[in-house]
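Structural features, examined
Chain residues, written in single-letter form:
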Amino acid sequence: MIGVLLIATGKYDVFVQPLIQSLKRHFLPGYQVKTILWTDKETQADLCLHHKHEPWPAPTLNRYKTILSQRELLEQFDYLFYMDVDMLAVDTIGDEILGDLVAVQHPGFIGKVGTPERRSRSAAYIPRREKSVYYAGGFQGGRSRRYLDMCHTLHNQIESDRQKGITAIWHDESHLNHYLHYNKPGKVLSPSYCYPESWEMPYVKRLVALDKDHAEMRCG
């Protein structure tokens, strides 16, 4: 059984039903897939869990804390995949995504170092002298216990930074990149699985990151 983890509070609830419907059409056909949704609204998913809305950037910084709040439940799944709720599956996403720990190359930094955290005070720090790959935070997953172990480490790193009064440059994505730099993912997917809606790239569009006004969506 495969779990898809979604978090949608505040204005992000508008993305939930289109995403879930697209997953039913395109995400791992032939497998038993269940959507687990944390939300402050009444909406439909296989499992809805109430989650209070918080002002930005708390929703993204607390992502792993939210997931770990249901660790006992989530350990019952064979695989878990988190994806940003403002996405849409537009082509078949098959068992090529299944792996022990799965990450996606960031579409903006193919073959580039990207923008990892360079401040040594942060738990997300990667020294400039170390060559790294930059991964997107919008789609990630793997075997359930392996993925949840990663979530536990990332949550602890984020809390360590919080106690020091520092926020990593790209929030949880910076911590994800730190973790994957020192714990290489077993499967690295192309930007097909985090494809910006209005871009043109030499990859098949499979999971699209929808265009939106970030400031507008995050207010309130």
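Above this text you will find the structure in question.
Figured I'd write up the structure that's included with this text. Along each chain, residue indices are assigned from 1 in the same order as the chain's sequence is written. Local features are withheld for residues below a pLDDT of 70 in this predicted model, meaning they are given only at 70 or higher, and side-chain atom pairs are given and counted only at 80 or more; totals for whole chains, interfaces and linings count all residues. With hydrogens and water set aside, each side-chain value is computed from the structure's full complement of heavy atoms.

The biggest cluster of nonpolar side chains holds 32 residues, and the ones touching the most others in it are Phe 27, Phe 81, Met 83, Ile 97 and Phe 139. Counting from the N terminus, the helices are the DSSP runs of H or I reaching at least four residues and the strands are the DSSP runs of E reaching at least two. Only strand S1 (2-8), helix H1 (16-26), strand S4 (79-83), strand S5 (87-89), strand S6 (101-105), strand S7 (135-143) and strand S10 (207-209) provide two or more residues apiece to this core. Residues count as neighbours in contact if any of their non-hydrogen atoms are within 4.5 Å of one another. When sequence neighbours within four positions are dropped, the list of residues in contact with Phe 81 reads Ile 2, Gly 3, Val 4, Leu 5, Phe 27, Ile 97, Leu 98, Val 102, Phe 139, Gln 140, Gly 141 and Gly 142. Here, nonpolar core means buried Ala, Val, Leu, Ile, Met, Phe, Trp, Tyr and Cys residues that are tied together by side-chain atoms lying within 4.5 Å of each other. Only protein chains enter the accessibility calculation, which uses a 1.4 Å probe; a residue is then buried when its area is under 20% of its type maximum, exposed when over 50%, and partly exposed in between. Listed in part, the 25 residues of the second largest apolar core include Ala 103, Met 150, Cys 151 and Leu 180.

Our focus in this paragraph is the packing of aromatic side chains. Classification of ring pairs rests on two measures: the distance between centres of Phe, Tyr or Trp rings, Trp counted by its six-membered ring, which must be within 6.5 Å, and the angle between planes, read as stacked under 30 degrees, edge-to-face over 60 and tilted in between. Enumeration according to the criterion identifies 5 aromatic pairs in this entry. Taking 5.2 Å as the distance between ring centres and 75° as the angle between the ring planes, the aromatic pair formed by Phe 109 and Tyr 134 counts as edge-to-face. Highlighted residues: Phe 109 in the loop between S6 and S7 and Tyr 134 in the loop between S6 and S7, separated in sequence by 25 residues. Residue class for Phe 109 comes out partly exposed when judged on its relative accessible area of 24%. Between Phe 139 and Tyr 193 the ring centres are 6.4 Å apart and the planes differ by 15°, which places this aromatic pair in the stacked class. In this pair, Phe 139 is assigned in strand S7 and Tyr 193 in the loop between strand S8 (187-189) and strand S9 (195-196), connecting sequence segments 54 residues apart. Exposure class is identical for Phe 139 and Tyr 193. Each is buried. Put simply, the rings of Phe 27, Phe 81, Phe 139 and Tyr 193 pair up and form one aromatic cluster.

With respect to the helices, strands and loops of the structure, Asn 62 is situated in the loop between helix H2 (58-61) and helix H3 (63-68). By the criterion applied in these results, polar contacts are pairs of N or O atoms within 3.5 Å in which, for protein atoms, one can donate a hydrogen and the other can accept it, and in which residues neighboring in sequence qualify only through two side-chain atoms. At 3.2 Å, the side chain of Asn 62 and the side chain of Glu 54 are in polar contact.

The criterion for strand pairing is that DSSP finds at least two bridges linking the strands in question. One open sheet holds the 7 strands; their spatial order is S3-S2-S1-S4-S7-S6-S8, and the pairing between them is mixed. The two strands at the open ends of the sheet, each matched to only one other strand, are strand S3 (47-50) and S8. When the angles between neighbouring strand axes are averaged without regard to direction, this sheet yields 20°. Here 4 bridges tie S6 to S7, and the two strands are oriented antiparallel to one another. What sits directly across from Gln 105, in S7, is Tyr 135. Structural elements are reduced to axes, namely lines fitted to C-alpha atoms, with helices fitted over the stretch in contact, and the angle between N-to-C directions of any two is expressed from 0 to 180 degrees. This element, H1, spans S1, strand S2 (33-39) and S4 of the sheet and lies at about 165° to S1.

This part is about the sheet that holds S9. Strand pairing within a sheet occurs via backbone hydrogen bonds; the two strands may be parallel or antiparallel. One open sheet holds the 3 strands; their spatial order is S5-S10-S9, and the pairing between them is mixed. Two strands in the sheet have a free side with no partner beyond their single neighbour: S5 and S9. Relative to S10, S5 runs antiparallel, the two sharing 3 bridges. Within S10, the position partnered with Leu 88 by the bridge is Val 208.

Quick look at unusual backbone geometry now. Of note, the amide linkage connecting Trp 56 to Pro 57 takes the cis form, showing an omega dihedral of 10°. The residue Pro 57 is located in the loop between S3 and H2 in this model. For Leu 28, which is not glycine, the phi torsion reads 50° and is therefore positive. Along the chain, Leu 28 turns up in the loop between H1 and S2. Residues other than glycine seldom take positive phi values, yet His 171 does so here, at roughly 55°. Tracing the chain through its elements places His 171 in helix H6 (residues 171-182). Among the residues examined, His 171 registers a relative accessible area of 16% and is labelled buried.

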